[in-house]
Amino acid sequence: MAKRSTFGSRFGTIAVVGGSVIGLGNIWRFPYVAGENGGGAFLLIYVVISFLISVPIMLSEFTIGRASRRNSMRAFRKLSGIRAWRLTGYLGILTAFTILSFYSVIAGWALEFIRQSATGEFMSMSPAEIEANFNGFVASGWKPFLWTLAFVAATAIIVGSGIEKGIERFNKTAMPLMFVILLIMCVYAFTLPGFREGISFLLRPDFSKAGGGTVLQAIGQSFFSLSLGMGIMVTYGSYIKKEQNMFRLSGTVVTADMSIAILSGLAIFPAVFSFGISPSSGPELVFLTLPNIFTQMTGGQVLSLLFFVLLFAAAITSSMSLLEVVVAYVSEEFRLRRRTATLIAAGAVLCVATLCLLSQMPGSGLRVMGSNIFDFLDKTTSTYTIPLGGLLIVLFAGWVMDKGRFRREMTNDGRFGAALYGTVSLMVKFVIPVVLVILFLNQLGIIKV
Ligand code: PHE
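All figures in this text were calculated on a predicted structure; none of them were measured in a lab.

Draft legend 1. Broad picture of the overall build of the protein. A count of helical and extended segments in the protein gives 18 helices and two strands. Relative to a compact globule of 449 residues, whose C-alpha radius of gyration would be 22 Å, the protein shows 21 Å and is just as compact. In the protein, which comprises 449 residues, the share counted as buried stands at 58%. In the protein, once contacts between residues fewer than 6 apart in sequence are set aside, the share between residues at least 24 apart is 83%.

Draft legend 2. Structural context of the pattern of salt bridges. Under the defined criterion, the tally for this structure stands at seven salt bridges. Across the pair Glu168 and Lys172 runs a salt bridge, and its minimum N-O distance is 3.8 Å. Here Lys172 and Glu168 lie together in helix α8 (residues 163-190), a separation of four residues that amounts to about one turn. For Glu168, a relative accessible area of 1% puts it in the buried group. Several salt bridges share partner residues, and in doing so they unite Arg66, Lys242 and Glu409 into one network.

Draft legend 3. Focus on the side chain of Ser222. Secondary-structure assignment places Ser222 in helix α10 (residues 212-225). On the basis of relative accessible area, Ser222 is assigned to the buried category, the value being 0%. In this structure, Ser222 is in contact with Tyr46, Ile49, Ser50 and Ser54, ignoring residues within four places of it in sequence.

Draft legend 4. Looking closely at the nonpolar core. In this structure, Ile64, Phe287, Phe307, Phe308 and Leu311 are the most contacted members of the largest nonpolar core, which totals 149 residues. It is helix α14 (residues 300-333) that provides the largest number of residues to this core, a total of 19 residues. Discounting residues that sit within four places of it in the chain, Phe287 has contacts with Ile106, Trp109, Ala110, Phe113, Phe134, Phe308 and Leu311.

Draft legend 5. Focus on the site of the ligand. Surveying the vicinity of the ligand reveals 15 residues, the closest of which are Leu24, Gly25, Tyr103, Phe224 and Ser225. Between the ligand and Gly25 there is a distance of 2.6 Å, counted from an oxygen atom to a backbone nitrogen or oxygen. A distance of 2.9 Å separates a nitrogen atom of the ligand from a polar backbone atom of Phe224. The protein chains hide 100% of the 320 Å² of surface that the ligand would expose on its own. Elements with a contribution of two residues or more to the shell around the ligand: α1 (10-21), α2 (24-36), α10 and α14.

Draft legend 6. Examining the environment of Val16 more closely. On the secondary structure map, Val16 appears in helix α1. With residues near it in sequence (within four places) discarded, Val16 still touches Phe7, Ile167, Glu168, Asn171 and Tyr236.

Draft legend 7. Focus on the state of the cysteines. Enumeration over the complete set of coordinates arrives at zero disulfides. Not part of a disulfide, Cys356 finds its nearest cysteine sulfur in Cys351, a span of 11 Å. Residue Cys356 is classed as buried on the basis of its relative accessible area, which comes to 0%.

Calculation notes
Residues numbered from 1 in each chain as written. Predicted model: local features only at pLDDT ≥ 70, side-chain atom pairs only at ≥ 80, totals over all residues. Heavy atoms only, no water. Helix = DSSP H or I, 4+ residues; strand = E, 2+ residues; numbered from the N terminus. Rg over C-alpha atoms; globule rule 2.2 N^0.38 Å. Buried < 20%, exposed > 50% of the residue type's maximum accessible area, 1.4 Å probe, protein only. Contact = heavy atoms within 4.5 Å. Salt bridge = Lys/Arg side-chain N within 4 Å of Asp/Glu carboxyl O. Core = buried A, V, L, I, M, F, W, Y, C linked by side-chain atoms within 4.5 Å. Near = heavy atom within 4 Å. Polar contact = N/O pair within 3.5 Å; in protein donor to acceptor, adjacent residues only side chain to side chain. Areas by Shrake-Rupley, 256 points an atom, 1.4 Å probe, with all protein chains shown as cover. Disulfide = S-S within 2.5 Å.

The following block contains the structure:
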């Protein structure tokens, strides 16, 4: 068998894993979820959960990947010798494929907004016109299609160029760029009159809004934001060098992910409050609310361009990781060249993405269980398949995989994180499974937390 690729450098590894975790989840989802769920209180819960629950899961995924050096379907089977564990791998690959399909549609919108910002198209529009402009764009069908096509093609070209030459190289440039853009936006936000109000919406702790549901919200947000539960980190783990310290890697990535989420909130909310707009959630915040704000700001056009470039960069670095999971599987299982496998995977993604965007057109009959296909896929993955995947992964790591091998791989034969290992193992074996079962039963409506 050919030597398997690995990441080239330590910074490269951080950039690639960071590129996956930092995405739309940080830039529009986190600020809003935090604001609605008690601000600083949510943030506190979120930090605790990220370190106690998400870091051990991330470490487990890395360990499974690096120990097996296989795509995520084969990893579970190889380390257990039990065929049925392949299903966990399949579930993850399917989840990644599905997320990528609707993620590409939103990323396509970001491209359209880069174009509109560059030409200054919406700068002179009224709020009603901005809304009509956006709805008209979605309703046309072909415009979103072309942008989605462009986005999927760009992702495929990078992924097709290989781990080190494609994915790693792109991320090493994109990650610092994203940080710089966000910092510029934060500095700008600092000068706005709504700065205090925005910050207080995001950060002031309101414990009356925090309850059992908040904890579950925080877990869901943390999983999505850290790309956990679908074998992405198993696949990326399989490219991590044997000598790398995975404890430090996880700590760095989780900290970077949280910082970007908080910085996004600090950049967005002061602007929202300065212009007297009520913070709304979902794609609207980014594609309707923000353009309205940009039209009123001095330097709005430049900021708008920067912001949508940021959004696009965040989306494409995450999409690569999603596509990589599928490509690793297709190329290794069907013994195809990387490029061929990428072409097949990207083609399939484009088909489902097209169904998503057609189902968003007004009057479209493409609906599943009362929602359009886009919303249906979004809800199914974040509510069911991601937590289920996370649960299966910790059960595998804690109870199925050989204990000694798990410990040796995670700690590099006791060199790193030996003091933390006991806690991680306790969390993986007992605490996280219980928490995830509760989360899952709650999602299914069997218990109410
Ligand atoms: N973590 C990414 C974000 O925060 C989204 C993502 C989810 C990427 C799952 C890959 C896999 O937007």
